[in-house]
Amino acid sequence: MSLDELTQKVSDERVNHDTVTSHESENGSISTVSSTVSSVESEKAAYEFLAQTPIKSSDAHLVEFSEAMRTVAKALRRVAEGKAAAQAEAEEWRRKYELEMSHKQQSKIKGYGSCTNNELEKLASQLTLEKPASDQAGCCGNHGICSHEVLQDESPGTNPRSSHKMVSRKASFRLSWGCNGDKNGQHKHDFVSFEKGDITTAERSNKQILLKWESSPQTVLFITKPNSNSVHVLCAEMVRWLREHKNINVVVEPRVSKELLTEDSYYNFIQTWDDDEEIKRLHTKVDLIVTLGGDGTVLWAASLFKGPVPPVVAFSLGSLGFMTPFPSEQYRDCLDNVLNGPFSITLRNRLQCHVIRDAAKDELETEEPILVLNEVTIDRGISSYLTYLECYCDSSFVTCVQGDGLIISTTSGSTAYSLAAGGSMVHPQVPGILFTPICPHSLSFRPLILPEYVTLRVQVPYNSRGQAWASFDGKDRKLLSPGDALICSISPWPVPTACLVDSTTDFLRSIHEGLHWNLRKSQSFDGPHSG
Ligand SMILES: NC(=O)c1ccc[n+]([C@@H]2O[C@H](COP(=O)([O-])OP(=O)(O)OC[C@H]3O[C@@H](n4cnc5c(N)ncnc54)[C@H](O)[C@@H]3O)[C@@H](O)[C@H]2O)c1
Ligand SMILES: Nc1ncnc2c1ncn2[C@@H]1O[C@H](COP(=O)(O)OP(=O)(O)OP(=O)(O)O)[C@@H](O)[C@H]1O
């Protein structure tokens, strides 16, 4: 490509971009992606041109021109970055829209149709049952959220066998915020006042969240660590106890169902699923998730839910157990307390990650978002080259990472890989995103904590020597080639985990007992004294 051709291409792209931007506000996100792709292509062309044109240091004009081309390439990259973030946002709105539509569809199915009087009566009683015991305004007023606002019954599954077995009604619950340790359900909103031109903030409230059942939970999903005899034995015992003493419906993974049924036909009552489509509807049937294992089992349980997640009661059968506060030996008391409620929960934010391929030509080619509870890691994988990553926060350039990689972590994940890479430990209820480099080849690259509302974009630039790999909660490695990008933002679907005591007590206990944080022998009193 000649210099003139390249300059023409870049200016054409600029015109293209202007046209697309004005079009985008009318037509949504598809045009967004085409502009992203075309901008990225011109950047690629700019780099290709620079590589083909050896620049002699004596030729001042060429040096100047190459600098100008680099600036153009950077500017085009920023346009692409802004567009991809908009695409991620558009995707989120699409999901919300689809969810809303599916709920509307449900009410249509329930509300219309040719019903006989009997059926109408039945329907009316079902509709009454769906309402909380208390009145609407009191229940969903300022001091909490009701689950029936968010979660409603869905249509039975497509698979007649398993859907027939699964109960279709979920228990409703209410979330409320305790105030200054007082579990009275009152929530003082934080607010900023501008009275008389002075900016003041209101008294801080204790944001401890309480979950109170409004109807009894009926269905418990068990997620268990595989290949562990102690977990298997405990699972069989707990399932039996829940059935016999609490009359609870139990759902287990297909692997566990096979194991229990092979062992004893007594377990005929347990339910499971046959295909991934049914997993997508699990959140509409399950009132509570019980995990038996370590933190990895909680991560696994969360990964099954791409949308809303029912409350998780995590029993500790691993070595560390940052997210597994419940002692398995006392499972009866623990489950009793949780099933009766109210109990404290930690709302653990997740990150939703989109991989945007350089080759993607339109929105349909972008991959499904992946939700992580701990972190997404971008590292050098088996490559022996430095990872070279360009990072943007909303539309601002953050930095280039040159080192082994980068960890983008939730606050729940702050005590996992991010901690090992030198990041701060952050209380899981703090809203934020951690930006922690892995072995950066720089003396001044300290970890950052960013606010929870930002969108991060990590790009493998065209002039990177190697490829990078993204992994999600330590799993599902995906190759990122030059030109590919990863976009992350906080997901609207947190993981509510039940606390043994409360969020803060459990967090402090886990860093004390799990990591022996700041453990040091106390100095004795005898010896020199000041004054
Ligand atoms: N150098 C490291 O510390 C390192 C390296 C790779 C992965 N990891 C972590 O392992 C996680 C995957 O866990 P796994 O159990 O499937 O793999 P695993 O079996 O390899 O266990 C990893 C360890 O990390 C602990 N862990 C996981 N989440 C934690 C959290 N939120 N807080 C404190 N500790 C936590 C687990 O208890 C376990 O001891 C990844 O999300 C990543 O955070 C850490
Ligand atoms: N239900 C499951 N199905 C498939 N894999 C699972 C399941 N539960 C856990 N795993 C995987 O098994 C591995 C070990 O699980 P987990 O971390 O819970 O146990 P652990 O290693 O004994 O505990 P700790 O991490 O505290 O030492 C993890 O990698 C996790 O992803």
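The rules we used
Residues numbered from 1 in each chain as written. Chains lettered and ligands numbered in written order. Predicted model: local features only at pLDDT ≥ 70, side-chain atom pairs only at ≥ 80, totals over all residues. Heavy atoms only, no water. Near = heavy atom within 4 Å. Polar contact = N/O pair within 3.5 Å; in protein donor to acceptor, adjacent residues only side chain to side chain. Areas by Shrake-Rupley, 256 points an atom, 1.4 Å probe, with all protein chains shown as cover. Helix = DSSP H or I, 4+ residues; strand = E, 2+ residues; numbered from the N terminus. Disulfide = S-S within 2.5 Å. Patch = residues over 30% accessible without salt bridge, like charges linked within 9 Å, V, L, I, M, F, W, Y side chains within 5 Å. Salt bridge = Lys/Arg side-chain N within 4 Å of Asp/Glu carboxyl O. Buried < 20%, exposed > 50% of the residue type's maximum accessible area, 1.4 Å probe, protein only. Pairing = 2+ DSSP bridges. Core = buried A, V, L, I, M, F, W, Y, C linked by side-chain atoms within 4.5 Å. Expected span 1.5 Å × (residues − 1). Arc of directions from axis to C-beta. Contact = heavy atoms within 4.5 Å. Phe/Tyr/Trp six-rings, centres within 6.5 Å; stacked < 30°, edge-to-face > 60°. Lys NZ or Arg CZ within 6 Å of the ring centre and 35° of its normal. Axes fitted to C-alpha atoms, helices over the stretch in contact; angles between N-to-C directions. Parallel < 35°, antiparallel > 145°, perpendicular 65-115°, else oblique. Nonpolar A, V, L, I, M, F, W, Y, C, P; charged D, E, K, R; others polar.

K.L.:
Would you mind showing me how to read the site of ligand 1 here?
P.N.:
Close to ligand 1 lie 16 residues; Asp295, Asn374, Glu375, Thr415 and Ala416 are nearest. Contacts to ligand 1 include threonine 415, whose side-chain N or O atom sits 2.7 Å from a nitrogen atom. For ligand 1, an oxygen atom lies 3.1 Å from a polar atom in the backbone of tyrosine 417. Coverage of ligand 1 by the protein chains reaches 64% of its 780 Å² of free accessible surface. Elements represented by at least two residues in the shell around ligand 1 include exactly helix H11 (295-303) and helix H13 (417-420).

K.L.:
When you look at the state of the cysteines in this model, what are you seeing that I'm missing?
P.N.:
By definition, a disulfide links two cysteine residues through a covalent bond between their sulfur atoms. Inspection of the entire model under this criterion finds zero disulfides. Not engaged in a disulfide, the cysteine cysteine 334 finds its nearest cysteine sulfur in cysteine 499; these two sulfurs lie 13 Å apart. In this structure cysteine 439 is a free cysteine whose sulfur lies 16 Å from that of cysteine 391, the closest cysteine sulfur available.

K.L.:
Help me understand the site of ligand 2, please; the structure alone is not making it clear to me.
P.N.:
Around ligand 2, 15 residues are found, and the nearest of them are Thr224, Lys225, Gly294, Thr297 and Ser319. Contact distances for ligand 2 include 2.6 Å between an oxygen atom and a side-chain N or O atom of threonine 297. In this structure, an oxygen atom belonging to ligand 2 sits 2.5 Å away from a side-chain N or O atom of serine 319. For ligand 2, the accessible surface in isolation is 610 Å², of which the surrounding protein chains cover 70%. Only strand S6 (219-224) and H11 provide two or more residues apiece to the shell around ligand 2. Per element, the largest residue contribution to the shell around ligand 2 is three residues, and it comes from H11.

K.L.:
Where do I start with a nonpolar patch on the surface in this structure?
P.N.:
Residues Leu320, Leu515 and Trp517 make up a contiguous nonpolar surface patch of about 280 Å² in total accessible area. Looking at the element boundaries, tryptophan 517 is found in the segment after helix H14 (503-515).

K.L.:
What's the story with the pairing of strand S5 (residues 209-213) in this structure? I'm lost.
P.N.:
Taken residue by residue, a regular strand's side chains alternate between the two faces of the sheet. A large share of S5 lies buried, amounting to four of its five residues. As paired strands, S5 and strand S11 (residues 343-348) are joined by three bridges and run antiparallel to one another. When the sheet's bridge partners are listed, leucine 210 is paired in S11 with serine 344.

K.L.:
What should I look at first to understand the nonpolar core in this one?
P.N.:
If you look at soluble globular proteins, the nonpolar side chains tend to sit buried side by side. By size, the foremost hydrophobic cluster in this structure holds 40 residues, and its most contacted members are Phe222, Met238, Val290, Leu292 and Phe315. Considering every element that reaches this core, the biggest residue donor is helix H8 (residues 229-246), with eight residues. Counting 28 residues, the second-largest nonpolar core is a separate cluster that includes Leu406, Phe445, Ala470 and Leu480.

K.L.:
What is the right way to read the pattern of salt bridges from this model?
P.N.:
For the structure on display, the rule yields eleven salt bridges. Ionic pairing is found between arginine 240 and glutamate 244, a salt bridge with its closest N-O pair at 3.9 Å. Of this pair, arginine 240 and glutamate 244 both sit in helix H8, four residues apart, which is roughly one turn of the helix. The class of arginine 240 is partly exposed, set by a relative accessible area of 31%. Two residues, arginine 357 and aspartate 484, come together in a salt bridge whose shortest N-O distance is 2.9 Å.

K.L.:
What am I meant to see in H14 here?
P.N.:
For the α-helix, the turn length of 3.6 residues means that residues three or four positions removed from each other point alike. In a regular helix each residue adds 1.5 Å, so 13 residues correspond to 18 Å; H14 covers 17 Å between its end C-alpha atoms and thus fits that length. Residues of H14 that are buried: Ser503, Asp506, Phe507, Ser510 and Ile511. One face of H14 carries all of its buried residues, which in axial projection span an arc of 130°. Here the buried face of H14 lies against S11. One side-chain oxygen at the N-terminal end of H14 lies 3.1 Å from the backbone nitrogen of threonine 504; it belongs to aspartate 502. Within two residues after H14, histidine 516 carries a phi angle of roughly 55°, on the positive side.

K.L.:
What should I look at first to understand the side chain of threonine 411 in this one?
P.N.:
Note that threonine 411 resides in the loop between strand S16 (396-409) and H13. Using a relative accessible area of 3% as the deciding quantity, one classes threonine 411 as buried. Engagement of the side chain of threonine 411 in a polar contact is seen with the backbone oxygen of proline 428, the distance being 3.1 Å.

K.L.:
Would you mind going over the packing of aromatic side chains with me for this structure?
P.N.:
Aromatic ring pairs are described here by two measures, namely the spacing of the ring centres and the angle between the planes. For the coordinates displayed, the defined rule picks out nine aromatic pairs. Aromatic side chains tyrosine 266 and phenylalanine 269 sit 5.6 Å apart centroid to centroid with 85° between the ring planes, which places their arrangement in the edge-to-face category. Residue phenylalanine 269 is classed as buried on the basis of its relative accessible area of 18%. Every member of this aromatic cluster is reached through a ring pair, and the members are Phe173, Trp213 and Phe343. Sitting over the face of the ring of tyrosine 266, arginine 240 holds its NZ or CZ atom 4.0 Å from the ring centroid.

K.L.:
Would you take a moment to explain the packing of H8 against helix H9 (residues 254-263) for this structure?
P.N.:
Helix-helix packing: each pair is described by the crossing angle between the helix axes and the interaxial distance. Running from amino to carboxyl end, H8 crosses H9 at an angle of 75°, the nearest separation of the two axes being 11 Å. When the axes of H8 and H9 are compared, the pair comes out roughly perpendicular. Two secondary-structure elements touch here, H8 through His232, Cys235 and Ala236 and H9 through Val256, Glu259, Leu260 and Glu263. Among the residues making up the contact of H8 with H9, the classes are represented as four nonpolar, one polar and two charged.

K.L.:
Which parts of the structure should I look at to understand H9?
P.N.:
Of all the positions in H9, only Val256, Ser257 and Leu260 are classed as buried. Taken down its axis, H9 places every buried residue within 100° of arc, on the same side. Those residues of H9 that are exposed and angled more than 90 degrees off the buried face are Lys258 and Thr262. Along its buried surface, H9 packs onto S6, H8 and strand S7 (249-252).

K.L.:
What should I look at first to understand the environment of lysine 285 in this one?
P.N.:
Residue placement: lysine 285 occurs in the loop between helix H10 (276-280) and strand S8 (288-293). Under the relative-accessibility criterion, lysine 285 is labelled buried at 7%. As a C-alpha pair, lysine 285 and lysine 170 span 115 residues in sequence and 5.6 Å in three-dimensional space.

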